[in-house]
Amino acid sequence: MKKLMLLLGLFSLVQFSIAQNETLYSITDTEYNDPTVAYFKRVTFKIGGGVLLPQGDLKRYFGLSPLIELSLDFPVTETKSLELALQFVIPDQKESFVYVRTLDTINAKASFIFNPMLRFKKNLSQSKFSQLHLGFALGASVIKTDARNPFFTGNNQEEEKYETATAFLVSPTIDYVKTFKNNEQFTFSFGLNYTPYKIEGAVKQNIGSISFTPRIMYSF
């Protein structure tokens, strides 16, 4: 998990370096002497919430669950950007799933879901007070279960107290961004999370993989 976050961070840093060169055309003469400061003025922080709506087989195990998202949007060109996003889900679990461990097999339930992702965004249309964005994210979905790790000792920071299951995540999104005075923005977003949770050595049964994520985000 830490390796994944490090890779996402390094990739964002590389894209930030590229963006500095590609976005200088929009910087005024006064700001040109300090392009880093000018660039970070264009970075957008968003916070918001929504719900996770499981679909298909996943509805058997999870109900409608509250979702919180935090994100940082880094411009790359005039119409493209990279967004580092974190989703936190408090799952409403209806039914436990079979979790396979080295020593035994147990029934487990999710206590928390964490979705880190890197989202590629393109501005499809823009007016004075609104924008329409298409996004595509890659990342991971980490389920923290209520099953205690039998090997946990507390002596190693790398050890997890509770068992986790990590799945690959793909998430296309579409966003409608409304801008108000003082550069305040509301983003109405609809996404689809594809997370194949059937993992060899952890969750072997197919509990489903599709969920919708309608969200409202605020930035200032």
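Residues numbered from 1 in each chain as written. Predicted model: local features only at pLDDT ≥ 70, side-chain atom pairs only at ≥ 80, totals over all residues. Heavy atoms only, no water.

This next bit is on the overall build of the protein. Along the backbone of the protein there are 3 helices and 12 strands. Counting every position in the protein, which comprises 220 residues, the buried fraction comes to 42%. In the protein, the share of contacts with a sequence separation of at least 24, taken over all contacts with a separation of at least 6, comes to 60%. Carbon together with sulfur atoms contributes 60% to the accessible area of the protein, which is approximately 12200 Å² in total. (Helix = DSSP H or I, 4+ residues; strand = E, 2+ residues; numbered from the N terminus. Buried < 20%, exposed > 50% of the residue type's maximum accessible area, 1.4 Å probe, protein only. Contact = heavy atoms within 4.5 Å. Areas by Shrake-Rupley, 256 points an atom, 1.4 Å probe, with all protein chains shown as cover.)

With that settled, consider the pattern of salt bridges. Enumeration according to the criterion identifies 7 salt bridges in this entry. Here Lys121 makes a salt bridge to Asp73, at a shortest N to O gap of 3.1 Å. Here the residue Lys121 occupies a position in strand β8 (residues 110-126), and Asp73 occupies one in strand β3 (residues 65-75), the gap between them amounting to 48 residues. You'll find Lys121 and Asp73 in the same group, each marked buried. Salt bridges linked by common partners bring Glu69, Asp73, Glu83, Arg119, Lys121, Asp175 and Arg215 together as one network. (Salt bridge = Lys/Arg side-chain N within 4 Å of Asp/Glu carboxyl O.)

Time to look at the nonpolar core. The biggest cluster of nonpolar side chains holds 21 residues, and the ones touching the most others in it are Phe62, Phe97, Tyr99, Tyr197 and Ile207. Every element with two or more residues in this core is listed here: β6 (97-100), β7 (105-108), β8, β9 (130-148) and β10 (162-179). The residues contacting Tyr197, other than those within four sequence positions of it, are Leu58, Ile113, Ser141, Ile143, Ala167, Val203, Ile207 and Gly208. (Core = buried A, V, L, I, M, F, W, Y, C linked by side-chain atoms within 4.5 Å.)

The next point concerns the packing of aromatic side chains. Within the structure shown, the criterion is met by 5 aromatic pairs. On the basis of an interplanar angle of 85° and a centroid distance of 6.0 Å, the ring pair of Phe180 and Phe186 is categorised as edge-to-face. Residue Phe180 is classed as partly exposed on the basis of its relative accessible area, which comes to 38%. For Phe186, a relative accessible area of 32% corresponds to the partly exposed category. Among the aromatic residues, those joined into a cluster by ring pairs are Phe88, Phe112 and Phe114. (Phe/Tyr/Trp six-rings, centres within 6.5 Å; stacked < 30°, edge-to-face > 60°.)

Residues Ile106 and Ala108 of β7 are buried on one face, while the alternating residues Thr105 and Asn107, pointing to the opposite face, are not. Bridge count for β6 against β7 is 4 bridges, and the pairing is antiparallel. Along β7, the bridge assignment pairs Val100 with Thr105. From the end of β6 to the start of β7, which pair antiparallel, there are 4 residues. (Pairing = 2+ DSSP bridges.)

In space, the 8 strands of this closed barrel follow the order β1-β3-β4-β8-β9-β10-β11-β12, with antiparallel pairing throughout. The sheet shows a mean angle of 25° between the axes of neighbouring strands, direction not considered. Inspection of the sheet shows strand β11 (residues 185-194) paired to strand β12 (residues 210-219) by 10 bridges, in the antiparallel sense. Within β12, the position partnered with Phe190 by the bridge is Pro214. (Axes fitted to C-alpha atoms, helices over the stretch in contact; angles between N-to-C directions.)

Another aspect to go through is a nonpolar patch on the surface. Together, Tyr176, Phe180, Phe186, Phe188 and Ile216 give the surface a local cluster of nonpolar side chains, amounting to about 450 Å² of exposed area. Among the secondary structure elements, Phe188 is positioned in strand β11. (Patch = residues over 30% accessible without salt bridge, like charges linked within 9 Å, V, L, I, M, F, W, Y side chains within 5 Å.)

Here we take up the confidence of the model for the protein. In the predicted model, the protein carries a mean pLDDT of 82, and the fraction of residues at 70 or more is 83%. Mean pLDDT across the elements of the protein ranges from a minimum in helix α1 (residues 2-22), with 47, to a maximum in strand β4 (residues 80-89), with 96. Here residues 2-7 is a poorly scored stretch, pLDDT under 50, and it has 5 contacts once near neighbours within four places are set aside; other chains count. (pLDDT = per-residue confidence, 0-100.)

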